[in-house]
Amino acid sequence: MRRFWIFNHYATTPKTGPLLRHYYFAEYLKEKNIETTVFAANELHQTGDTVDTHGKPYLRTEEEGVPFVFVKTSKYQGNGISRVKNMLSFFFGLLRISKGYAKKHGRPDVIMGSSAHPLTSIAGILVARRFRVPAIVEVRDLWPEAIFSFGKVKMNSIPGRILSAGEKWMYVHADAIVFTKEGDVDHIREMGWDTAHGGKIDLKKCYYVNNGVKLSDYYQSMEKDVLEDPELTDDSFRVIYTGTIRPVNNVDNLLDTAKLLKKYKDIRFLIFGGGSELSRLQKRAEEEKLENVVFKGFVEKKYIPYILSRSSVNILNYSQSRYNWSRGNSSNKLFEYMASGKPIISTVKMGYCILEKYQCGLSLEECTPEALAEMILKIHDMPEDTYAQMAENAQEGAKDFDFSVLTERLYKVIKRVGKG
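Residues numbered from 1 in each chain as written. Predicted model: local features only at pLDDT ≥ 70, side-chain atom pairs only at ≥ 80, totals over all residues. Heavy atoms only, no water.

**What to know about the sheet that holds strand β6 (residues 135–139)**
Working step 1: Spatially, β3-β4-β2-β1-β5-β6-β7-β8 is the arrangement adopted by the eight strands of the open sheet, whose pairing is mixed. Of all the strands in the sheet, just β3 (58–63) and β8 (206–208) have a single pairing partner and so form its edges. On average, adjacent strands in this sheet sit at an angle of 20° to one another, irrespective of strand direction.
Working step 2: Two strands pair when backbone bridges link them, and strand β1 (residues 2–8) and strand β5 (residues 110–114) are joined in this way by five bridges, in the parallel orientation. Looking across to β5, one finds that Phe7 is bridged to Gly113.
Working step 3: Together, β1, β2 (34–41), β3, β4 (66–71), β5 and β6 form the strand contacts of helix α1 (residues 21–30), whose direction differs from that of β2 by roughly 165°. (Pairing = 2+ DSSP bridges. Helix = DSSP H or I, 4+ residues; strand = E, 2+ residues; numbered from the N terminus. Axes fitted to C-alpha atoms, helices over the stretch in contact; angles between N-to-C directions. Contact = heavy atoms within 4.5 Å.)

Written out as structure tokens, the structure reads:
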């Protein structure tokens, strides 16, 4: 059995959180005789909980035969200096424990360091050098481009140049680069780092392995985890949004749209999720007498497949200005929406558009309540056979993003860099 190590600061097991991309990879790679160990921080980003390492540098656990190593890191809150310290403690923790862990559990044959932040990928390269094995860099979010797009750091500033230089170093020294968005490879071209522009990065070592959904678990949950709610089974045309209700999600846009559609008595907006904006938006809907909007509050994730399956149309409500959507979409939510077998409306028009490729939804050229209302009515008024085809396209398209398929793509990358 070959050994594959994955470094991902925020990875979880099913018992510790919802970030399961690498857990699923490990499950499926085991079938290919590759033992995959996932290294993650013991401070859990999504839940704020901590995995107790009992005073030791790391804790090794196994869940369903998948080895997980929780590296002891510093505590943090928010996005300030304590979070930076947490990132650094994970980076140095990986460097510190890797040799001893390998001595006890076996040396790796290939290592993959996965963002969100680049320190994890850099650690992957450095540890791979120590063992003289190939290093894969996985980019799930383009740093520092994401920081530049939010205006936190300017690209041409000294910190911006340092971050870009670090990113370039990472790509140059990786044996392979895996992007989760199809268009992210364009970033290397735009920066002039590829060999065609006189740079050192051969784009042949770049691969695309999107996020996705484990369909077997999804459909099992859809049948088993039924949310008893009469508004999910009545005769209304249900416009469903699921997700956190924060300023960045701009749920006000849905209320503005609902206001325009008040005269359509069969159209109802069902909004599932909690967050800092929930009480304000509930008050707004009450004051404006938006009887076609129902806030359902937070629901357990296990109910999401059933909820989505009961929609008439599912809404991907994104901000057009806060992110560079030209490179595509790697949101897990998109593939859950597709798996539900219902049409989708995206409030942004994306590059490498998956909705367009699979003909399973509609995208707005401009994110306005008027444009969204028009798209909702377009699906509302569709002939039955056109609607059914769009719904079927969504469910069929989701098969390309099942984790069994995605793992096969990653497996090919591992084989190529490992030469066997």
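Now that the structure has been shown, the text picks up again.
**Remarks on helix α14 (residues 384–398)**
Working step 1: Look at α14: 22 Å from first C-alpha to last across 15 residues, which is about the 21 Å you get at 1.5 Å a residue.
Working step 2: Listed in full, the buried residues belonging to α14 are Tyr387, Met390, Ala391, Asn393, Ala394, Gly397 and Ala398. Take α14 and look down its axis: the buried residues cluster within an arc of 155°, on one side only. Residues of α14 that are exposed and point over 90 degrees away from its buried face: Glu384 and Asp385.
Working step 3: On its buried face, α14 sits against α7 (215–224), α11 (332–339), α12 (354–358), β14 (361–363) and α13 (369–380). (Expected span 1.5 Å × (residues − 1). Buried < 20%, exposed > 50% of the residue type's maximum accessible area, 1.4 Å probe, protein only. Arc of directions from axis to C-beta.)

**A look at the environment of Thr16**
Working step 1: Along the chain, the position of Thr16 falls in the loop between β1 and α1.
Working step 2: Not counting residues within four places of it along the chain, the set of residues in contact with Thr16 comprises Leu44, Thr47, Val51 and Phe70.
Working step 3: Of note is the side chain of Thr16, whose polar atom sits 2.9 Å from the backbone nitrogen of Thr13. (Polar contact = N/O pair within 3.5 Å; in protein donor to acceptor, adjacent residues only side chain to side chain.)

**Observations regarding a nonpolar patch on the surface**
Working step 1: On the surface, a cluster of nonpolar side chains totalling about 370 Å² of accessible area is made up of Ile81, Val84, Leu88 and Phe92.
Working step 2: Within the secondary structure, Val84 is located in helix α2 (residues 81–105). (Patch = residues over 30% accessible without salt bridge, like charges linked within 9 Å, V, L, I, M, F, W, Y side chains within 5 Å. Areas by Shrake-Rupley, 256 points an atom, 1.4 Å probe, with all protein chains shown as cover. Salt bridge = Lys/Arg side-chain N within 4 Å of Asp/Glu carboxyl O.)

**Side note on the packing of aromatic side chains**
Working step 1: Scanning the model with the defined rule gives 19 aromatic pairs in all.
Working step 2: Ring centres 5.2 Å apart and planes at 80° place the aromatic pair Phe7 and Phe39 in the edge-to-face group. Residue Phe7 is located in strand β1, and its partner Phe39 is located in strand β2; the two are separated by 32 residues in the primary sequence. For the pair shown, Phe7 and Phe39 are each scored as buried.
Working step 3: The interplanar angle of 65° and the centroid separation of 6.3 Å between the aromatic rings of Tyr23 and Tyr24 together place this pair among those described as edge-to-face.
Working step 4: Tyr23 sits in the buried class, given a relative accessible area of 3%.
Working step 5: Three or more aromatic residues joined by ring pairs form one cluster here, namely Trp5, Phe7, Phe39, Tyr58, Tyr101 and Phe131. (Phe/Tyr/Trp six-rings, centres within 6.5 Å; stacked < 30°, edge-to-face > 60°.)

**Looking at the side chain of Asn8**
Working step 1: Structurally, Asn8 can be placed in strand β1.
Working step 2: A relative accessible area of 5% places Asn8 in the buried class.
Working step 3: If we skip the residues at most four places from it in the chain, Asn8 touches His22, Phe39, Ala40, Ala41, Phe90, Ser114, Ser115, Thr120 and Arg140.

**Some thoughts on the sheet that holds strand β12 (residues 313–316)**
By definition, the strands of a sheet pair up through backbone hydrogen bonds, in either a parallel or an antiparallel sense.
Working step 1: Pairing within the open sheet is parallel, and its six strands lie in the order β11-β10-β9-β12-β13-β14. Whereas interior strands pair on both sides, the edge strands pair on one side only; in this sheet they are β11 (293–297) and β14. Averaged over all adjacent pairs, the angle separating strand axes in this sheet is 20°, with direction ignored.
Working step 2: Across six bridges, the pairing between strand β9 (residues 237–242) and strand β10 (residues 267–272) is parallel. Within the sheet, the bridge partner assigned to Tyr241 lies in β10 and is Ile271.
Working step 3: Lying on the sheet, helix α8 (residues 252–260) is in contact with β9, β10, β11 and β12; it crosses β10 at an angle near 165°.

**Observations concerning helix α9 (residues 278–287)**
Working step 1: Taken residue by residue, α9 has Leu278, Leu281, Arg284 and Ala285 as its buried positions. Looking straight down α9, one finds that the buried residues subtend no more than 125° of arc, so they occupy a single side. Turned more than 90 degrees away from the buried face of α9 sit Ser279, Lys283, Glu286 and Glu287, all of them exposed.
Working step 2: Where α9 is buried, its residues contact α8 and β11.
Working step 3: Just downstream of α9, Lys289 is the residue with a positive phi angle, here 55°.

**Regarding the packing of α8 against α9**
Working step 1: As a packed pair, α8 and α9 sit with axes 11 Å apart at the nearest point and diverge in direction by 10°. Between α8 and α9, the angle falls in the class roughly parallel. Here α8 runs over α9; the crossing is right-handed. Of the residues in α9, those touching α8 at Asp252, Leu255 and Asp256 are Arg280, Leu281, Arg284 and Ala285.
Working step 2: Looking at side-chain class alone, the contact of α8 with α9 contains three nonpolar, no polar and four charged residues. (Parallel < 35°, antiparallel > 145°, perpendicular 65-115°, else oblique. Left-handed = near helix turned anticlockwise from the far one by under 90°. Nonpolar A, V, L, I, M, F, W, Y, C, P; charged D, E, K, R; others polar.)

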